[in-house]
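# Observations on the three-dimensional arrangement
Residues per chain are reported as follows:
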Amino acid sequence: LTYMWENNTLHRDIKPENIQITADNKIKLMDLGIAKTEAEEFDVYLTQKETIVGSYPYIPPERLKGDNADYRSDIYSLGATYYHLLTGMPPYLDTYNGSGGRDLLDYLIKVRMKKMPTPINKLVDIPDDVNNIIMQMLQLKINKRCNTPQEFLENLENLYKSFL
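Attention in this report is confined to the structure presented alongside it. (Residues numbered from 1 in each chain as written. Predicted model: local features only at pLDDT ≥ 70, side-chain atom pairs only at ≥ 80, totals over all residues. Heavy atoms only, no water.)

### Focus: unusual backbone geometry
For N25, which is not glycine, the phi dihedral falls at a positive 60°. If you trace the backbone, N25 turns up in the loop between β2 (19-21) and β3 (27-29). (Helix = DSSP H or I, 4+ residues; strand = E, 2+ residues; numbered from the N terminus.)

### Description of the packing of helix α3 (residues 71-87) against helix α5 (residues 128-137)
Helix-helix packing: each pair is described by the crossing angle between the helix axes and the interaxial distance. For the pair α3 and α5, interaxial distance at closest approach is 7 Å and the crossing angle is 140°. It follows that α3 is oblique to α5 by the angle criterion. Remark: the crossing between α3 and α5 carries left-handed chirality. For the pair formed by α3 and α5, the contact residues are I75, Y76, L78, G79, Y82, Y83 and L86 on the first element and V130, I134, M135 and M137 on the second. Across the contact of α3 with α5, the residue classes break down as 10 nonpolar, one polar and no charged. (Axes fitted to C-alpha atoms, helices over the stretch in contact; angles between N-to-C directions. Parallel < 35°, antiparallel > 145°, perpendicular 65-115°, else oblique. Left-handed = near helix turned anticlockwise from the far one by under 90°. Contact = heavy atoms within 4.5 Å. Nonpolar A, V, L, I, M, F, W, Y, C, P; charged D, E, K, R; others polar.)

### So, the nonpolar core
Within the largest apolar cluster, 18 residues are counted, with the highest numbers of intra-cluster contacts made by Y92, I120, I134 and L138. Counting residues per element, the ones that place at least two in this core are α3, α4 (101-108) and α5. Looking at this core, the element that brings in the most residues is α5, giving four residues. Apart from residues lying up to four places away in sequence, I134 is in contact with G79, Y82, Y83, L86 and I120. (Core = buried A, V, L, I, M, F, W, Y, C linked by side-chain atoms within 4.5 Å. Buried < 20%, exposed > 50% of the residue type's maximum accessible area, 1.4 Å probe, protein only.)

Here you go:
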């Protein structure tokens, strides 16, 4: 992801299924099918108008609204992936009782209504610092996430160092 951002490219489909661990324990980001460079016009509609491509629980609010995306959109998706890793479910699904399909999409529109997901530390026992950094990644307003990729990476590195 760092390499992609350094080369002005966004993944745009970060989710658990697109992260693999190799036999030598290296993490690989897979499926660059909808990746875009920042120089390209951001078209969230890949196949037809009004069809958003991606996995809804991991799509950042700005893409659901049809707004432009940047590296902070990948940060949101990675935060949703971390959320899933720690809780066993994507954000918002702890309160979802539907059967999927259109009902799930309508439910996920809560993102547009400015409602944050349940904080992770209300669902599982994790340190506050871990909860706080992931919830910052999941901020609904793009400008409330980290200001630069470097700031984001420094936050993660500092969190990691705090556990050493």
